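# Topology and contacts: notes
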Amino acid sequence: MHPFFKSFHYALKGIQHGFSAERNMKFHCIAALGVIFGGVLTGLSKLEWLTIIILIGGMIALELMNTAIERTVDLVTDDFHPLAKQAKDLASGAVLVFAICSAIIAMIIFIPKWL
Ligand SMILES: Nc1ncnc2c1ncn2[C@@H]1O[C@H](COP(=O)(O)OP(=O)(O)OP(=O)(O)O)[C@@H](O)[C@H]1O
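Residues numbered from 1 in each chain as written. Predicted model: local features only at pLDDT ≥ 70, side-chain atom pairs only at ≥ 80, totals over all residues. Heavy atoms only, no water.

What follows deals with the UniProt feature "transmembrane region" (unreviewed entry) in the chain. Taking the UniProt record as the reference, the feature "transmembrane region" (unreviewed entry) is found at residues 50-69 and 90-111. Helix makes up 100% of residues 50-69 and strand 0%. Its end C-alpha atoms lie 28 Å apart. Taken end to end, residues 90-111 is 100% helix and 0% strand, and its two terminal C-alpha atoms sit 31 Å from one another. (UniProt positions renumbered as here; feature names shortened; annotations may be inferred. Helix = DSSP H or I, 4+ residues; strand = E, 2+ residues; numbered from the N terminus.)

Encoded structure:
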């Protein structure tokens, strides 16, 4: 297989693993489907859909990266280590920051349309 398609195949395997192994990923997907459904019912502009796509894609990408960091930490040590804790907590902190910003942006987009 051409190296480009090989990398693509491994990336798809990673996404597949993230979706099947991570509980939070299932939550993000359900939330994303809810936002898309709400967007279709509410009616969004092109710019608003682009924003929603960036937020959903960014959230899933960040959750995949968080999972990669968790796996790497677990590979390095089974023992309790303050740096392992920091690495995992920093990675989940990054996900939380993006999730909060996404929720605020979604409210800014949707709430005025419902009033
Ligand atoms: N090796 C370790 N040393 C110190 N603290 C750890 C270690 N592994 C995990 N922790 C702490 O325990 C918490 C939970 O770890 P865990 O590996 O279950 O990740 P999680 O955040 O629950 O991930 P998931 O998204 O899979 O639910 C981490 O956020 C971290 O604070």
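A few words on the site of the ligand. For the ligand, the full set of nearby residues is E22, R23, N24, E70, D79, F80, H81, A84, K85, K88 and D89. Contact distances for the ligand include 3.3 Å between an oxygen atom and a side-chain N or O atom of E22. Contact distances for the ligand include 2.4 Å between an oxygen atom and a side-chain N or O atom of K88. Contact with the protein chains removes 64% of the 620 Å² of surface that the ligand exposes when unbound. In terms of residue class, the shell around the ligand is built from two nonpolar, two polar and seven charged. (Near = heavy atom within 4 Å. Polar contact = N/O pair within 3.5 Å; in protein donor to acceptor, adjacent residues only side chain to side chain. Areas by Shrake-Rupley, 256 points an atom, 1.4 Å probe, with all protein chains shown as cover. Nonpolar A, V, L, I, M, F, W, Y, C, P; charged D, E, K, R; others polar.)

Once that is clear, we can look at the packing of aromatic side chains. For the coordinates displayed, the defined rule picks out three aromatic pairs. Between F4 and F8 the ring centres are 6.5 Å apart and the planes differ by 15°, which places this aromatic pair in the stacked class. Of this pair, F4 and F8 both sit in helix α1 (residues 3-21), separated by four residues, roughly a single helical turn. Look at F110 and W114: their rings are 5.4 Å apart centre to centre, the planes differ by 35°, and that puts the pair in the tilted class. One end of the pair is F110 and the other is W114, both in helix α4 (residues 82-114) and four residues apart, which spans about a single turn. According to the relative accessible area criterion, F110 is buried, its value standing at 6%. (Phe/Tyr/Trp six-rings, centres within 6.5 Å; stacked < 30°, edge-to-face > 60°. Buried < 20%, exposed > 50% of the residue type's maximum accessible area, 1.4 Å probe, protein only.)

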